[in-house]
Amino acid sequence: DVVLRLKQVSKTYKKGLAGEVDVLRGVDLTLSQGETVALVAPSGAGKSTLLHVAGLLDAPDAGQVEIDGQILTGKSDRKRTVARRRDVGFVYQFHHLLPEFSALENIVLPQLANGVSQNQATSRAQDLLARVGVDHRADHRPAALSGGEQQRVAFCRALANAPKLLLADEPTGNLDPATSDQVFTALMDLVKGTGLSAVIATHNMELAAKMDRVLRLQDGVLVAV
Ligand code: ADP
Ligand code: ADP
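Remember, predicted model here, so these are calculated numbers, not experimental data.

Caption draft 1: Here's a closer look at the sheet that holds strand β2 (residues 20-32). With antiparallel pairing, four strands are arranged side by side in an open sheet as β2-β1-β4-β5. Each having just a single partner strand, β2 and β5 (70-71) make up the two edges of the open sheet. Where strand β1 (residues 2-14) lies against β2, 10 bridges are found, and the strand directions are antiparallel. Note on β2: the bridge partner recorded for K14 is E20. Each of β1, β2 and β4 (62-67) is contacted by helix α1 (residues 47-54), which is oriented at about 125 degrees to β1, the strand it contacts most.

Caption draft 2: Highlighting a nonpolar patch on the surface. Residues L98, F101, L109 and L112 make up a contiguous nonpolar surface patch of about 290 Å² in total accessible area. Its location among the elements puts L109 in helix α3 (residues 103-113).

Caption draft 3: Focus on the site of ligand 1. The immediate surroundings of ligand 1 are formed by Y13, K15, V23, P42, S43, G44, A45, G46, K47, S48 and T49. At 3.2 Å from an oxygen atom of ligand 1 is found a main-chain nitrogen or oxygen belonging to A45. Relative to its unbound accessible surface of 570 Å², ligand 1 loses 61% to contact with the protein. Partitioned by chemical class, the residues of the shell around ligand 1 number four nonpolar, five polar and two charged.

Parameters at a glance
- Residue positions are given per chain, counted from 1 along the sequence in the order it is written.
- Labels follow written order: the first chain is A, the first ligand is 1, and so on.
- The predicted nature of this model means local features are confined to residues of pLDDT at least 70 and side-chain atom pairs, given and counted, to a pLDDT of 80 or more, with totals for whole chains, interfaces and linings taken over all residues.
- The side-chain numbers reported here are obtained from all heavy atoms of the structure, hydrogens and water having been left aside.
- By the convention used here, strands pair only if DSSP detects at least 2 bridges between them.
- Counting from the N terminus, the helices are the DSSP runs of H or I reaching at least four residues and the strands are the DSSP runs of E reaching at least two.
- Only heavy atoms enter the contact rule, under which two residues are in contact if any of them lie within 4.5 Å.
- The convention used is that axes are lines fitted to C-alpha atoms, helices contributing only their stretch in contact, and that angles between N-to-C directions extend from 0 to 180 degrees.
- Exposure above 30% relative accessible area and the lack of any salt bridge qualify a residue for a patch; like charges then connect within 9 Å, and the nonpolar side chains Val, Leu, Ile, Met, Phe, Trp and Tyr within 5 Å.
- Surface accessibility follows the Shrake-Rupley procedure with a 1.4 Å probe radius. Residue values consider only the protein chains on display as shielding.
- Each reported salt bridge corresponds to a side-chain nitrogen of Lys or Arg within 4 Å of a carboxyl oxygen of Asp or Glu.
- For this description, a residue counts as near a given molecule or strand if any of its non-hydrogen atoms is within 4 Å of it.
- Polar contacts, as used here, are pairs of N or O atoms within 3.5 Å; protein pairs need one atom able to donate a hydrogen and one able to accept it. Residues neighboring in sequence count only if both atoms are side-chain atoms.
- Three classes are used, and their members are as follows: Ala, Val, Leu, Ile, Met, Phe, Trp, Tyr, Cys and Pro are nonpolar, Asp, Glu, Lys and Arg are charged, and the others, Gly among them, are polar.

Written as structure tokens, this is what we have:
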């Protein structure tokens, strides 16, 4: 089963009077269910742009984005939002958790918004927290957690509604090297344990090598490493 298919995806930004920059120049990518891909490239190469286009946050100028067999390019905003909320989970360098809510509540709330019952949502949140080893911190607010714990909770939140695809942009980029390794391993275990497909942008080649494939974004296209 193909979870994500990008066909000749292009994206150009207008740079005021300076002209244009072609960030993506015909990106092709096919990601199967359960497959993990590392995306490596220097800053400014277009990794965030690629993840946003793949995750339906941004529309390509040309080409096609298909998620779980559904071509979503050219569809209405509403259709793309529905598909994004159902099928895609995002993780960033910063956790973006809601500061007024506990770790558990941060994972429960997206499920309630999706029509899941309080009991079911709580039970799933507890299960996810246990998988990443933060269940003993469930009742703490994000500010009371370490950087590594905050990211682990953010992974759980991204998976709260059981998406098919995880898109992560430097998910351990803010952590010190030792914490980064542990948190990355926790993320990989979570991904493998749930059969999710993932594209994870990272600068760390050692961590990238733990994934099924490593792709480099170079001159606007993906090249196997
Ligand atoms: P990366 O994530 O690899 O650092 P980005 O996708 O953030 O790269 O950016 C790629 C290029 O596109 C950079 O030159 C950046 O300045 C430019 N860019 C990104 N977003 C915009 C935007 N909204 N408007 C104009 N230029 C942008
Ligand atoms: P909306 O803001 O359209 O209601 P959701 O709350 O459904 O979007 O967000 C779904 C996912 O998309 C979240 O994980 C969130 O991190 C991500 N997301 C939403 N809008 C943006 C954005 N403008 N930039 C980056 N990520 C976003």
